[in-house]
Amino acid sequence: MGYLYNYHLKTSYVYTFARSDAMKFNQVTIKDIARELGISPSTVSRALKDHPDISSETKKAVNELAERLNYQPNIVALSLRQKKTNTIGVIIPEIVHFFFSTVISGIEDVAYQAGYNVILTQTNESVQREITDMKALFNSRVDGMLLSISRETTNYDHIEAIISKGVPIVFFDRMYTNPNTSKVIVDDYVGAKEAVLHLIDQGCKRIAHLMAAPNLLISTDRLRGYKEALTDRGLEVKENLIIQCPDGSLEEAQKATKKLLSLSTPPDAIFANNDMLAMGAMKAVKEKGLSIPTDMAVMGFSNWFFSQLMDPPLSSVDQPGFEMGQEAARLLIRHIEMRDKDQGEPQPETKVLKTRLLARESSIRKKK
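Quick summary incoming for the structure in this document.

1. Thoughts on the nonpolar core
Logical step 1: One finds Val196, Leu199, Ile207, Leu210, Tyr226 and Phe271 to be the most contacted residues of the largest nonpolar core, which totals 44 residues.
Logical step 2: Within the residue set of this core, elements represented by two or more residues are α9 (188-201), β8 (207-211), α10 (217-232), β9 (242-244), α11 (250-261), β10 (269-272), α12 (275-287) and β11 (297-299).
Logical step 3: The residues contacting Tyr226, other than those within four sequence positions of it, are Ala192, Val196, Ile207, Ala208, His209, Leu241, Ile242 and Phe271.

2. Concerning the pairing of strand β3 (residues 87-92)
Logical step 1: Extensive coverage of β3 is indicated by the burial of six of its six residues.
Logical step 2: Residues Thr87, Gly89 and Ile91 line one face of β3 and the alternating positions Ile88, Val90 and Ile92 line the opposite face, and both faces are buried.
Logical step 3: Bridge count between β3 and strand β4 (residues 117-122): six bridges; the pairing is parallel. Bridge assignment links Gly89 to a residue of β4, and that residue is Ile119.
Logical step 4: As a crossover connection, the stretch from β3 through helix α6 (residues 98-113) into β4 is right-handed.
Logical step 5: Bridge count for β3 against strand β5 (residues 144-147) is four bridges, and the pairing is parallel. Bridge pairing links Val90 to Leu146 in β5.

3. Looking at the sheet that holds β11
Logical step 1: If you walk across this open sheet you meet the four strands as β9-β8-β10-β11, and the pairing is parallel. Pairing within the sheet leaves two strands with one partner each, and these edge strands are β9 and β11. Averaged over neighbouring strand pairs, the angle between their axes works out to 15 degrees when direction is ignored.
Logical step 2: Where β10 meets β11, three bridges bridge the pair, whose relative direction is parallel. When the bridges of β11 are listed, Ala269 appears paired with Ala297.
Logical step 3: The sheet contacts of α10 involve β8, β9 and β10, and relative to β8 the element is tilted by about 175 degrees.

4. Topic: the pattern of salt bridges
Logical step 1: What the rule picks out here adds up to 17 salt bridges.
Logical step 2: Between Glu236 and Lys238 there is a salt bridge, with its nearest N and O atoms 3.1 Å apart.
Logical step 3: When the shortest N-O distance is used, the salt bridge between Lys258 and Glu287 registers 3.8 Å. On the criterion of sequence distance, the pair formed by Lys258 in helix α11 and Glu287 in helix α12 is long-range, its members being 29 residues apart.
Logical step 4: For Glu287, a relative accessible area of 48% puts it in the partly exposed group.

5. Remarks on unusual backbone geometry
Logical step 1: The omega torsion across Ile292 and Pro293 is 10 degrees, close enough to zero to call that bond cis.
Logical step 2: Tracing the backbone through its elements, the reader meets Pro293 in the loop between α12 and β11.
Logical step 3: Here the amide bond leading from Asp311 into Pro312 is cis, since omega sits at -5 degrees, within 30 degrees of zero.
Logical step 4: Structurally, Pro312 can be placed in the loop between β11 and β12 (316-318).
Logical step 5: Located in the positive-phi region is Glu125, a residue other than glycine, with phi close to 65 degrees.
Logical step 6: With a phi angle near 60 degrees, Arg141 is a residue other than glycine that sits in the positive phi range.
Logical step 7: Along the chain, the position of Arg141 falls in the loop between α7 (127-139) and β5.
Logical step 8: With a relative accessible area of 35%, Arg141 lands in the partly exposed category.

Calculation notes
- Residues numbered from 1 in each chain as written.
- Predicted model: local features only at pLDDT ≥ 70, side-chain atom pairs only at ≥ 80, totals over all residues.
- Heavy atoms only, no water.
- Core = buried A, V, L, I, M, F, W, Y, C linked by side-chain atoms within 4.5 Å.
- Buried < 20%, exposed > 50% of the residue type's maximum accessible area, 1.4 Å probe, protein only.
- Helix = DSSP H or I, 4+ residues; strand = E, 2+ residues; numbered from the N terminus.
- Contact = heavy atoms within 4.5 Å.
- Pairing = 2+ DSSP bridges.
- Right-handed = clockwise from strand over helix to strand, strands pointing away.
- Axes fitted to C-alpha atoms, helices over the stretch in contact; angles between N-to-C directions.
- Salt bridge = Lys/Arg side-chain N within 4 Å of Asp/Glu carboxyl O.

Following this line, the structure appears as structure tokens:
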């Protein structure tokens, strides 16, 4: 059943119509509004843009009908005319990862204030999904992309292909060594070094490390910080205390920790690449009947929301995810708008954010 509307235009013309069933299911266009009001499409277009040549009565009639019919501008057609969609694409490894959810909040905070919409995709740590997502965003004509690469990504041809087509890309957290790209990262090296120095200050001397995917720069930087902390304090770096956990799963961390505990001289502390690995380590230590931190101190990285809820609360290195998202969005939007205004090719920038050590009960030992 249709709905009956009356509109009084400047000419005192009264038009009454019943909305057709077909209009319920098809996208309403400017031509539909023009036909229903008996005016030209150009008049409707100018009325929607609040053009001064259009009377207030006509503007009121057009806008009321547009609202009632849920008229939405054709973004694809608009972008073809303007060569801009005011949309940015975001590719993250995992949306369930607390750190990445805070990054997304920071991105949206800046993007929406600047008048940009956000399209979010997640790769689930799959390089094939990453390739598919980048193609989909490119075909959607996004103005630029924010990218944190997957754990599987070791070849970057698909990223270079998008860059070569003139699409601005800013990396956040995870990236690769392309000097011509912009990125927002945290100082993983310093964060890891401070974490291990804290463990040493608590009296730990045999500190193991659960390393994440070795192809990720964040993993190698945290490993470097771990090693240099030991060296600076005169402790030997023992390769048998460094175990790779490329999948980053809790089960993988449990298995690695059991291996460490079976050594003739097991470690007295574990520094994990992330909080999920630290959680797996804590589970394995407890199953062995050992006490945390008395028998084994544990330190994570990222400060996931569940870290302080664990028993005992997990020490971790806090990353400013919200700030990272804000900075990445600002950087990308600046690159996009420099190109729009023909201000030349934007120069690559790298922003490095500081981490913060959060020492909790899992690593703080009571002084004897």
